[in-house]
Amino acid sequence: MNLGKRTIAEFIGTFWLVFGGCGSAVLAAAFPALGIGFFGVALAFGLTVLTMAYAIGHISGCHLNPAVSAGMVAGGRFPLSELLPYVLAQVFGAFSGAGTLYLIARGKAGFDVNAGFASNGYGTHSPGGYTLPACLLAEVVLTAFFVLIILGSTDRRAPQGFAPVAIGLGLTLIHLVSIPVTNTSVNPARSTGPAIFVGGWALSQLWLFWLAPLVGGVIGGAVYRALFGEHGEKHRPEFVRTNERLGAA
């Protein structure tokens, strides 16, 4: 599959992740009497990745996340030369998903985008009031483990056909841990989309949600490659490996 089609797949997948995941938080989390709460939002994010992994994993690898793409490079599963096109597709997909969600959300009287719009934050903008160092550490550690889960579950030595389930449940667990801390990023594109519409504090704090996930992603990729990688793995692009893995599903 050529790079153009793979970046389109990344755009579509990241659109779905932001629209579905952030949409669950904005539209359904606090719905009177029937709100899905933290657990529902966490599950929604996991389901967006699980469904897209089966839908486009064989096309692009279903990164949907600049930190994952960077982790794949560090893990020897993805070429550095294709990192920037993937990141741009992911960011534009996130912006489009957030924009679509914004158009829907503003259709209700009393909607206030400044209330947060599923943006990520630290300090006074952390859901639980967590400090910047605590939020930084959480995002680094959780992103590193997310990339470890992805690399491990898509390894040819892992049970075939179950990678999307492991990855989706992994992202669900990450959200269950960190929604109170940062509203959960582990994904710079996911953070950027809503922040553009909120502006102000969300944009001023956005740097953390690029820095921490990218650092965590690279750490996760490098650790997996150093400890568990097979000889010659670096010569097989991650999206090719994912195609092989999901083809058995």
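The structure under discussion appears in the preceding block.
Residues numbered from 1 in each chain as written. Predicted model: local features only at pLDDT ≥ 70, side-chain atom pairs only at ≥ 80, totals over all residues. Heavy atoms only, no water.

Can you help me understand the environment of Ala166 in this one?
Mapped onto the elements of the fold, Ala166 is located in helix 6 (residues 163-182). Classification of Ala166 by relative accessible area gives partly exposed; the value is 32%. Taking C-alpha positions, Ala166 is 12 Å from Thr51, a pair spaced 115 residues apart along the chain. (Helix = DSSP H or I, 4+ residues; strand = E, 2+ residues; numbered from the N terminus. Buried < 20%, exposed > 50% of the residue type's maximum accessible area, 1.4 Å probe, protein only.)

Honestly, a nonpolar patch on the surface in this entry has me stumped. Any pointers?
Together, Leu136, Trp207, Leu211, Val215, Ile219, Val223, Leu227 and Phe228 make up a nonpolar patch on the protein surface, roughly 680 Å² of accessible area in all. It is helix 9 (residues 208-228) that provides the largest number of residues to the nonpolar patch, a total of six residues. By the element assignment, Leu211 lies in helix 9. (Patch = residues over 30% accessible without salt bridge, like charges linked within 9 Å, V, L, I, M, F, W, Y side chains within 5 Å. Areas by Shrake-Rupley, 256 points an atom, 1.4 Å probe, with all protein chains shown as cover. Salt bridge = Lys/Arg side-chain N within 4 Å of Asp/Glu carboxyl O.)

Explain helix 1 (residues 3-28) here, please?
An α-helix turns once every 3.6 residues. As a result, residues three or four positions apart point the same way. Compared with the 38 Å implied by 1.5 Å per residue over 26 residues, the 36 Å span of helix 1 between its first and last C-alpha is a close match. Of all the bends in helix 1, the greatest measures close to 30° and is centred on Cys22. For helix 1, the complete set of buried residues consists of Arg6, Thr7, Ala9, Glu10, Gly13, Thr14, Leu17, Val18, Gly21, Cys22, Gly23 and Ser24. Put simply, Asn2 is the residue that caps the front of helix 1, since its side-chain oxygen is 3.1 Å from the backbone nitrogen of Gly4. (Expected span 1.5 Å × (residues − 1). Bend = angle between axes of the 7 residues up to and from the residue. Polar contact = N/O pair within 3.5 Å; in protein donor to acceptor, adjacent residues only side chain to side chain.)

Is there a simple way to think about helix 3 (residues 66-74) in this case?
Of all nine residues that make up helix 3, eight are buried, and the element is covered over most of its length. Capping the start of helix 3, Asn65 holds a side-chain oxygen 2.8 Å from the backbone nitrogen of Ala67, two or three residues further along. Once helix 3 finishes, Gly76 follows within two positions and takes phi at roughly 75°, a positive value.

Whenever I open this one, the environment of Val68 confuses me. Can you help?
Take Val68: it is sitting in helix 3. Placed 79 residues apart in sequence, Val68 and Val147 show a C-alpha to C-alpha distance of 6.1 Å. With residues near it in sequence (within four places) discarded, Val68 still touches His63, Phe146, Val147 and Ile150. (Contact = heavy atoms within 4.5 Å.)

For this particular structure, what's the right way to read the nonpolar core?
Soluble globular proteins tend to bury their nonpolar side chains together. Counting 45 residues, the largest nonpolar core has Met72 and Phe146 as the members making the most contacts within it. Listed by contribution, the elements that provide at least two residues to this core are helix 1, helix 2 (37-60), helix 3, helix 4 (83-105), helix 5 (132-153), helix 6, helix 7 (188-198) and helix 8 (200-204). Per-element accounting of this core gives the leading share, eight residues, to helix 2. Discounting chain neighbours no more than four positions away, the residues touching Phe146 are Asn65, Val68, Ile167, Leu171 and Ile174. (Core = buried A, V, L, I, M, F, W, Y, C linked by side-chain atoms within 4.5 Å.)

Looking at this model, I keep getting lost on the state of the cysteines. Mind explaining?
Two cysteines, two sulfur atoms, one covalent bond between them: this is a disulfide. Tallying each qualifying case throughout the model produces zero disulfides. The closest cysteine sulfur to the non-disulfide-bonded Cys22 is located on Cys62, 16 Å from its own sulfur. (Disulfide = S-S within 2.5 Å.)

Teacher, can you tell me more about the layout of surface pockets here?
Rolled over the atoms, a probe sized like a water molecule indicates the empty space that remains. If you add up the space inside the largest pocket, you get close to 710 Å³. Taken together, 32 residues form the lining of the largest pocket, with Ala25, Val26, Leu27, Ala29 and Ala30 sitting closest to its centre. Secondary-structure elements contributing two or more residues to the lining of the largest pocket are helix 1, helix 2, helix 4 and helix 6. For the lining of the largest pocket, the residue count by class is 21 nonpolar, eight polar and three charged. (1 Å grid on protein atoms, 1.4 Å probe; cavity = no way out; pocket = protein on both sides within 12 Å on 5 of 7 lines; lining within 4 Å. Points joined across faces, edges and corners; volume = space filled by probe spheres on them. Nonpolar A, V, L, I, M, F, W, Y, C, P; charged D, E, K, R; others polar.)

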